[in-house]
Amino acid sequence: MQAELEQETGLRIGPYPVDPPVVLAPMAGITNLAFRKLCREFGSPTAIYVCEMITARAVVERNEKTLHMMSFDQGESPRSMQLYGVDPATLGEAVRIIVGEGWADHIDMNLGCPVPKVTRLGGGAALPYKRNLFASIVREMVRAAEPAGVPVTMKFRIGIDDDHHTHLDTGRIAEAEGAAAVALHARTAAQRYSGTADWSAIARLKEAVTTIPVLGNGDIFSAGDAVAMMAQTGCDGVVVGRGCLGRPWLFGELSAALRGEPAPTPPNLGEVGKILARHAGLLAEHHGEDKGMRDLRKHMAWYFMGFPLGAELRRGFATVSSLAELDGLIAQLDPTAPFPEDAEGPRGRQGSPGKVALPHGWLDDPDDRTVPTAADVMHSGG
């Protein structure tokens, strides 16, 4: 096992070594500058931490809100950004602007979002079904990024549903058109975040894509899960999303496990309170105190998952509106309460599977390269 892990730590995405081979998945409303910095403080500075999704159209229009979302910490390297779009021309122009302004060092493409408002416009997880349109997108993005030496990667799902698997073709096309790496969330769009990720699909993608790294994503809720995925699939690295919600220290645990080092002790409730306060301070710096505290509220249930808080204290954290109020609530926590065993499992959205919303006639011709109408109206962040 250790020999396998030592081999895997040779992961590179373009010119950037990724050690340990761990990527923080872009999550809308979550992976802003503050959360990425917190994860990096626990993890390795040479892992990759991806900014939340940015729409190509908003970059081209230099939307003020989007430019704020594209903020990176002074010491953050590589600066990793995920783009959303459906039009090769718009995506190419957005990449030219990003590399021309020096705004990012690595660009990922969102092909995995299963949200109906995205897929019904032909974007996200719906897009790879259109093979020629997808190939044009990769080609334009790579061509625009190449002069600046910025690697372009693709993150996608197994397919639309069990009757329309696309991941092997998607991986091969991305490889042929110059992508620097591919990542597979081992669910279909129809599954959304429900059920179990099919890690065997990652293994099959790794067999099909032979000249660039293949990363695996789905159901990594502990460091042991990451080790198991790499051992079972042969993937070159892991992409971690929901597993780190309310648990940014997971990146320290991942670093230890993938380097064969002793696992750090999970934080007790007192330490979780300090981490929460740090997160709050970073959000206040980034957004201002009012917006930062509103943004923090969504994280509270994740931070305190499994801990014995009591209903009144939980309500206080869920409605907190200032840093001073947060300090008062943290002071009421039992600092000695140990990290609960039942907090190790799944966290974040799960929901149930459902039919994927698609543009009319979307499945009729996978070779049609027509750009879907009005698909570029999406807002950054999903």
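As named in an unreviewed UniProt entry, the chain is tRNA-dihydrouridine synthase, taken from Nocardia flavorosea.

Caption draft 1: The overall build of the chain, seen in detail. Looking only at helices and strands, the chain has 16 helices and 13 strands in total. Taken over the C-alpha trace, the chain has a radius of gyration of 20 Å; the compact-globule value for 382 residues is 21 Å, and the two agree within 12%. For the C-alpha atoms alone, the extent of the chain along its principal axes is close to 60 × 50 × 40 Å. Considering only residue pairs separated by 6 or more positions, the chain has 74% of its internal contacts joining residues 24 or more positions apart.

Caption draft 2: Local environment of the UniProt feature "binding site: FMN" (unreviewed entry) in the chain. As annotated in UniProt, the feature "binding site: FMN" (unreviewed entry) corresponds to Pro26, Met27, Ala28, Gln82, Lys155, His185, Gly241 and Arg242 in the numbering used here. The residue glutamine 82 is located in strand S6 (residues 80-84) in this model. The residues touching glutamine 82, leaving out its near neighbours within four places in the chain, are Pro26, Val50, Cys51, Glu52, Met53, Ile54, Asp108, Met109, Asn110 and Lys155. Among the polar contacts made by the side chain of glutamine 82, one reaches the side chain of aspartate 108 at a distance of 2.9 Å.

Caption draft 3: The arrangement of helix H5 (residues 88-101) in detail. Taking 1.5 Å as the rise per residue, H5 with 14 residues should run 20 Å; its terminal C-alpha atoms sit 20 Å apart, in good agreement. Listing the buried residues of H5 in full gives Pro88, Thr90, Leu91, Gly92, Ala94, Val95, Ile97, Ile98 and Val99. The elements touched by buried residues of H5 are helix H3 (56-60), S6, strand S7 (106-111) and helix H7 (131-145). A distance of 2.9 Å separates the backbone nitrogen of alanine 89 from a side-chain oxygen at the start of H5, and that oxygen is part of aspartate 87. Positive backbone phi, approximately 70 degrees, marks glycine 102, located one or two places after H5.

Caption draft 4: Here's a closer look at the environment of serine 352. One can find serine 352 in the segment after helix H16 (323-330). Distance in space between the C-alpha atoms of serine 352 and glutamine 191 is 7.0 Å, their sequence separation being 161 residues. Sequence-distant contacts of serine 352, that is, excluding residues within four places in its chain, are made with Gln191, Arg192 and Ser194.

Caption draft 5: Representation of the domain arrangement of the chain within the structure. Under the domain assignment used here, the chain contains domain 1 (17-259) and domain 2 (269-331). A C-alpha centroid distance of 28 Å is found between domain 1 and domain 2. Contacts between domain 1 and domain 2 engage 16 residues on the former and 13 residues on the latter. Where domain 1 abuts domain 2, roughly 1300 Å² becomes buried across the two surfaces, and 70% of that area is made up of carbon and sulfur atoms. The closest approach of N and O atoms between arginine 278 and glutamate 41, which form a salt bridge, is 2.4 Å.

Caption draft 6: Region of the structure containing unusual backbone geometry. Here the residue pair aspartate 19 and proline 20 is connected by a cis peptide bond, since its omega of -5 degrees sits within 30 degrees of zero. Its place among the elements puts proline 20 in the loop between strand S2 (16-17) and strand S3 (22-24). Omega for the bond connecting serine 77 with proline 78 falls within 30 degrees of zero, at -5 degrees, which places this linkage in the cis form. Note on placement: proline 78 falls in the loop between helix H4 (64-69) and S6. The phi angle at arginine 192 is positive, at roughly 55 degrees, despite the residue not being glycine. Here arginine 192 falls in the partly exposed class, since its relative accessible area comes to 26%.

Caption draft 7: Examining the UniProt feature "domain: DUS-like FMN-binding" (unreviewed entry) in the chain more closely. Following the UniProt record, one finds the feature "domain: DUS-like FMN-binding" (unreviewed entry) at residues 24-326. Here residues 24-326 is 46% helix and 13% strand, with 27 Å between the C-alpha atoms at its ends.

Caption draft 8: Broad picture of the pattern of salt bridges. Evaluated as defined, the whole model comprises 20 salt bridges. The salt bridge involving arginine 40 is made with aspartate 73; its shortest N-O contact spans 3.0 Å. Here arginine 40 is found in helix H2 (residues 33-42), whereas its partner aspartate 73 is found in the loop between H4 and S6, with 33 residues between them in sequence. Accessibility assignment for this pair places arginine 40 and aspartate 73 in one class, buried. We note a salt bridge from aspartate 295 to lysine 298, for which the minimum N-O separation is 3.2 Å. On the basis of relative accessible area, lysine 298 is assigned to the partly exposed category, the value being 35%. Linked by salt bridges that have partners in common, Arg36, Lys37, Arg40, Asp73 and Glu76 make up one network.

Caption draft 9: View of the sheet that holds strand S4 (residues 48-49). Pairing in this open sheet of nine strands is parallel, and the strands run S4-S3-S13-S12-S11-S8-S7-S6-S5 from one edge to the other. In this open sheet, the two edge strands, each paired with only one partner strand, are S4 and strand S5 (54-55). As defined by bridge partners, S7 adjoins strand S8 (residues 152-157) across five bridges and the pair is classed as parallel. Of the residues in S8, the one forming a bridge with isoleucine 107 is valine 152. Sitting on the sheet, helix H10 (residues 223-233) touches strand S12 (214-217) and strand S13 (237-240), and the angle it makes with S13 is about 140 degrees. Most of the contacts of helix H11 (residues 250-258) go to S3, to which it runs at about 165 degrees, and overall it touches S3, S4 and S13.

Caption draft 10: Inspection of the side chain of histidine 167 at higher detail. For histidine 167, the location among the structural elements is in helix H8 (residues 167-176). Histidine 167 has contacts with Phe156, Arg157, Ile158, Leu184, Ala201, Arg204 and Leu205, leaving out every residue within four places of it along the chain.

Scoring rules and cut-offs
Per chain, residues are indexed from 1 in the order of the written sequence. Note on the predicted model: pLDDT of at least 70 is required for a residue's local features to be given, and 80 or more for side-chain atom pairs to be given and counted; whole-chain, interface and lining totals, by contrast, use all residues. Side-chain descriptors were evaluated using all non-hydrogen atoms of the structure, hydrogens and water having been removed beforehand. Runs of H or I in DSSP of at least four residues are treated as helices and runs of E of at least two as strands, each being numbered from the N terminus. Both definitions apply: the radius of gyration is a C-alpha atom measure, and the globule rule equals 2.2 Å times residues to the power 0.38. In what follows, residue pairs with any heavy atoms lying within 4.5 Å of each other are defined as contacts. UniProt positions are given in the numbering used here, feature names are shortened, and annotations may be inferred rather than shown by experiment. Polar contacts, as used here, are pairs of N or O atoms within 3.5 Å; protein pairs need one atom able to donate a hydrogen and one able to accept it. Residues neighboring in sequence count only if both atoms are side-chain atoms. Take the number of residues in a helix, subtract one, and multiply by 1.5 Å to get its expected span. Throughout this description, buried means an accessible area under 20% of the type-specific maximum (1.4 Å probe, protein chains only), exposed means over 50%, and partly exposed covers the range between. Segmentation into domains, and thus their bounds, comes from an automatic or database assignment. The quantity reported as buried area is the accessible area (1.4 Å probe) lost by two parts once they are put together, taken as the sum for both. Salt bridge, as used here, is a side-chain nitrogen of Lys or Arg placed within 4 Å of a carboxyl oxygen of Asp or Glu. Should DSSP find at least two bridges between two strands, the strands are regarded as paired. Angular values range over 0 to 180 degrees, each being the angle between N-to-C directions of two axes fitted as lines to C-alpha atoms, with helices fitted over their stretch in contact.

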